[in-house]
Amino acid sequence: MKLVLWSLIAILLFTGCSQNKKVNNLDGKKLLEQKCSSCHNLDLPPKTFENEKAPPMMAVAFHIKSFIKTEDESQRIPKAIAFVKDYVINPSASKSFCDKKSLESYGVMPSQKGKVTQDELQAIAEYMFSHFTQKNLNEAQLIQNRLNAMPKGERLALQNNCLSCHKVNKKIVGPALRDVASKKGNTLEVLMNSIKNGSKKKYATSKGAIMPAFKKLSDADAKTIA
Ligand code: HEC
Ligand code: HEC
């Protein structure tokens, strides 16, 4: 019985999370990019810049969620959403949760009245508070840590999508990297050249599949991967 109950809760939680919440079919993520990213950095974790125009959106979301006053915890997110909807149209230094010093350096946000509707703001704010969460931040940082811990060549291969066609020990679309490395005549220069300019018909096992040219890779990165 307990088990059934728990699976039910799990299903409810899961479906609740996986649903891409949309107000009137408005896409909060897209709208946030269109209407807010010219000033607010949207990365998670955020990138911060010397002369940024506004606090990163993750900071804004974390901020509001923790500072908003409520006696009823279940009202925290609805209140936070209401705050965003009001603030974007009627911003003021006294309402802002930004600390004094940041406010002075950024200046109060210019009202976005006429540039975004209340429905759009509802979608934007719902997305903000479902995306910029501690859980998503932890996951993003875990991935970043994993990337940082890899040898640089492996990280570059992953980031440039090489591993969708290559595995170390097994041929997929491209030859196994082990076979590439042990092929006669494959010097560092030869491999760098193939990576930057592509390759075809060199491996019988490719069966006509070609290696696309990665012209945009810098020589240094191609060399690191090679
Ligand atoms: C023209 C630049 C600009 C645009 C566009 C902009 N903002 Fe801002 N925003 C700022 C600045 C600067 C601040 C920091 C000063 C302040 O709190 O008013 C800020 C602060 C905020 C705050 C209050 C933060 C707090 O901690 O109290 C919210 C909420 C906010 N922005 C939401 C949005 C949303 C949502 C959008 C897109 C619909 C948006 N902003 C578009 C410049 C901008
Ligand atoms: C669309 C699939 C695909 C992608 C993506 C791809 N490769 Fe390849 N790769 C191949 C195929 C197919 C071959 C074999 C071509 C041939 O037979 O000459 C190959 C061959 C190679 C070779 C051997 C070249 C030689 O001269 O022996 C290297 C090295 C290589 N790939 C590295 C990479 C790297 C690094 C990346 C990412 C920057 C990458 N590949 C991305 C399909 C791919």
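Residues numbered from 1 in each chain as written. Chains lettered and ligands numbered in written order. Predicted model: local features only at pLDDT ≥ 70, side-chain atom pairs only at ≥ 80, totals over all residues. Heavy atoms only, no water.

Caption draft 1: Representation of the overall build of the chain within the structure. In terms of helices and strands, the chain carries 11 helices and 0 strands. Expressed as a percentage of the 226 residues in the chain, the buried residues total 31%. (Helix = DSSP H or I, 4+ residues; strand = E, 2+ residues; numbered from the N terminus. Buried < 20%, exposed > 50% of the residue type's maximum accessible area, 1.4 Å probe, protein only.)

Caption draft 2: Expanded view of the coordination of the iron atom of ligand 2. Note on the iron atom of ligand 2: its protein donors are His166 (NE2) and Met211 (SD). The metal-donor distances range over 2.0 to 2.1 Å. In this structure, the iron atom of ligand 2 is surrounded by 6 donor atoms whose angles at the metal cover 89 to 179°, and the resulting shape is octahedral. Of this pair, His166 sits in the loop between helix 8 (152-159) and helix 9 (177-182) while Met211 sits in the loop between helix 10 (188-197) and helix 11 (219-225), and the two are 45 residues apart along the sequence. The class for His166 is buried, based on a relative accessible area of 15%. (Donors = N, O, S within 2.8 Å, 3.2 Å for Na, K, Ca; no water. Tetrahedral: all angles 85-135°; square planar, octahedral: opposite > 155°, others 65-115°.)

Caption draft 3: Layout of the nonpolar core. By size, the foremost hydrophobic cluster in this structure holds 28 residues, and its most contacted members are Leu32, Met57, Ile64, Ile124, Met128, Phe129 and Phe132. Every element with two or more residues in this core is listed here: helix 2 (28-36), helix 3 (57-67), helix 4 (76-89) and helix 6 (118-131). Discounting residues that sit within four places of it in the chain, Leu32 has contacts with Ser37, Leu42, Met57, Ile124, Tyr127, Met128 and Phe132. (Core = buried A, V, L, I, M, F, W, Y, C linked by side-chain atoms within 4.5 Å. Contact = heavy atoms within 4.5 Å.)

Caption draft 4: Quick peek at the environment of Asp119. You can see Asp119 is positioned in helix 6. The class of Asp119 is partly exposed, set by a relative accessible area of 39%. In sequence terms Asp119 and Gly28 are 91 residues apart; their C-alpha atoms lie 9.9 Å from each other.

Caption draft 5: How the structure looks around the site of ligand 1. The environment of ligand 1 is formed by 25 residues, the closest being Cys36, Cys39, His40, Tyr87 and Met109. A distance of 2.7 Å separates an oxygen atom of ligand 1 from a polar atom in the side chain of Ser96. Interatomic distance of 2.9 Å between a backbone N/O atom of Met109 and an oxygen atom of ligand 1. Residue assignment for the shell around ligand 1 shows that the elements contributing at least two residues are helix 2, helix 3, helix 4 and helix 5 (100-106). For the shell around ligand 1, the element with the most residues is helix 3, which contributes 4 residues. (Near = heavy atom within 4 Å. Polar contact = N/O pair within 3.5 Å; in protein donor to acceptor, adjacent residues only side chain to side chain.)

Caption draft 6: A look at the site of ligand 2. Among the 25 residues in the neighbourhood of ligand 2, the closest are listed as Cys162, Cys165, His166, Ser199 and Met211. Between ligand 2 and the protein, one listed contact pairs an oxygen atom with a backbone N or O atom of Lys200 at 3.2 Å. Between Lys202 and ligand 2, the recorded distance is 2.7 Å, taken from a side-chain N or O atom to an oxygen atom. If you tally residues by element for the shell around ligand 2, the top one is helix 10, at 3 residues. Here the shell around ligand 2 is built from residues that sort into 15 nonpolar, 7 polar and 3 charged. (Nonpolar A, V, L, I, M, F, W, Y, C, P; charged D, E, K, R; others polar.)

Caption draft 7: Inspection of the coordination of the iron atom of ligand 1 at higher detail. Each protein donor to the iron atom of ligand 1 is listed here as His40 (NE2) and Met109 (SD); together their distances run 2.1 Å. Bound by 6 donor atoms, the iron atom of ligand 1 shows angles of 85 to 179° at the metal and therefore octahedral coordination geometry. Taken together, the positions of His40 in the loop between helix 2 and helix 3 and Met109 in the loop between helix 5 and helix 6 put the pair 69 residues apart, joining distant regions of the chain. By relative accessible area, His40 is classed as buried at 11%. Relative accessible area serves as the criterion here: at 24%, Met109 is assigned to the partly exposed category.

Caption draft 8: Region of interest: a nonpolar patch on the surface. A cluster of nonpolar side chains, Leu158, Leu163, Val168 and Leu177, forms an exposed patch at the surface whose accessible area comes to about 300 Å². By the element assignment, Leu163 lies in the loop between helix 8 and helix 9. Exposure remark for Leu163: the relative accessible area of 33% places this residue in the partly exposed category. (Patch = residues over 30% accessible without salt bridge, like charges linked within 9 Å, V, L, I, M, F, W, Y side chains within 5 Å. Areas by Shrake-Rupley, 256 points an atom, 1.4 Å probe, with all protein chains shown as cover. Salt bridge = Lys/Arg side-chain N within 4 Å of Asp/Glu carboxyl O.)

Caption draft 9: Up close: the pattern of salt bridges. One pass over the structure, following the stated rule, counts 8 salt bridges. The closest approach of N and O atoms between Glu139 and Lys135, which form a salt bridge, is 3.7 Å. In this pair, Glu139 and Lys135 are both assigned in helix 7 (residues 134-149), 4 residues apart and thus about one turn of the helix distant. The class of Glu139 is partly exposed, set by a relative accessible area of 43%. Lys135 sits in the exposed class, given a relative accessible area of 58%.

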